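Inside the fold
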Amino acid sequence: MLSLILPTHNRLTWLPGALESCLSQGLGEGLEVVVVDDGSQDGTADYLRAYPDPRVRMLLLPESVDKYEHRIMHSLADEMPERLLLSRRLAAATVADTR
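**Focus: the overall build of the protein**
Looking only at helices and strands, one finds four helices and three strands in the protein. Each helix (α) and strand (β) of the protein, taken in turn from the N terminus, gives the series β-α-β-α-β-α-α. Approximately 6600 Å² of the protein is accessible, and the part contributed by carbon and sulfur atoms is 54%.

Right under this line is the structure:
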């Protein structure tokens, strides 16, 4: 399973195209897109709730923050700890292999 993390904040205009691009990569059920909505006020959450593809998941943050990565990683650690741990191990292995 490959998990793409797509952070967004008040970008509903561009979100449909971004999701279509992510989902059209030919990975089928081996892909999920986790959209992290950072306190959007433009209807993004409603759009995601109604999105018909089950590979799209949403993580709603209650307010906008400046440091996306910090907030996303902590939120995902609570939501999907086994995937985050695996991602960190793979990232560490990739960095070690390129030295």
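The rest of the description comes next.
**Observations regarding the nonpolar core**
The biggest cluster of nonpolar side chains holds ten residues, and these are Leu6, Leu15, Leu19, Cys22, Leu23, Leu31, Val33, Val35, Leu48 and Val56. Every element with two or more residues in this core is listed here: helix H1 (15-23) and strand S2 (31-38). In terms of residue count, the dominant contributor to this core is H1 (four residues). Excluding anything up to four places from it in sequence, Val56 contacts Leu19, Leu23, Val33, Val35, Leu48 and Tyr51.

**Description of the environment of Arg55**
Assignment of secondary structure puts Arg55 in the loop between helix H2 (44-49) and strand S3 (56-61). On the basis of relative accessibility, which here comes to 14%, the residue Arg55 falls in the buried class. Beyond its immediate sequence surroundings of up to four residues, Arg55 is in contact with Leu23, Gly28, Glu29, Leu31, Glu32 and Val33. Of note is the side chain of Arg55, whose polar atom sits 3.0 Å from the backbone oxygen of Gly28.

**Considerations on the pattern of salt bridges**
Considering all chains together, one arrives at three salt bridges under this definition. With its nearest N and O atoms 3.4 Å apart, the salt bridge here joins Glu32 to Arg57. Of this pair, Glu32 sits in strand S2 while Arg57 sits in strand S3, and the two are 25 residues apart along the sequence. Overall, the relative accessible area of 29% leaves Arg57 in the partly exposed class. Across the salt bridge formed by Asp53 and Arg55, the nearest N and O atoms sit 2.8 Å from each other. Asp53 gets classed as buried once you look at its relative accessible area, which sits at 17%.

**Some thoughts on the sheet that holds strand S1 (residues 2-8)**
Strands sit in the order S1-S2-S3 across an open sheet of three strands; the sheet is parallel. In this open sheet, the two edge strands, each paired with only one partner strand, are S1 and S3. In this sheet, adjacent strand axes meet at a mean angle of 20° when their direction is disregarded. As judged from the seven bridges shared by S1 and S2, these two strands associate in the parallel manner. What sits directly across from Thr8, in S2, is Asp37. Against the sheet, H1 makes contact with S1, S2 and S3, and its axis sits at roughly 155° relative to S2, the strand it touches most.

So, how was this worked out
Residues numbered from 1 in each chain as written. Predicted model: local features only at pLDDT ≥ 70, side-chain atom pairs only at ≥ 80, totals over all residues. Heavy atoms only, no water. Helix = DSSP H or I, 4+ residues; strand = E, 2+ residues; numbered from the N terminus. Areas by Shrake-Rupley, 256 points an atom, 1.4 Å probe, with all protein chains shown as cover. Core = buried A, V, L, I, M, F, W, Y, C linked by side-chain atoms within 4.5 Å. Buried < 20%, exposed > 50% of the residue type's maximum accessible area, 1.4 Å probe, protein only. Contact = heavy atoms within 4.5 Å. Polar contact = N/O pair within 3.5 Å; in protein donor to acceptor, adjacent residues only side chain to side chain. Salt bridge = Lys/Arg side-chain N within 4 Å of Asp/Glu carboxyl O. Pairing = 2+ DSSP bridges. Axes fitted to C-alpha atoms, helices over the stretch in contact; angles between N-to-C directions.

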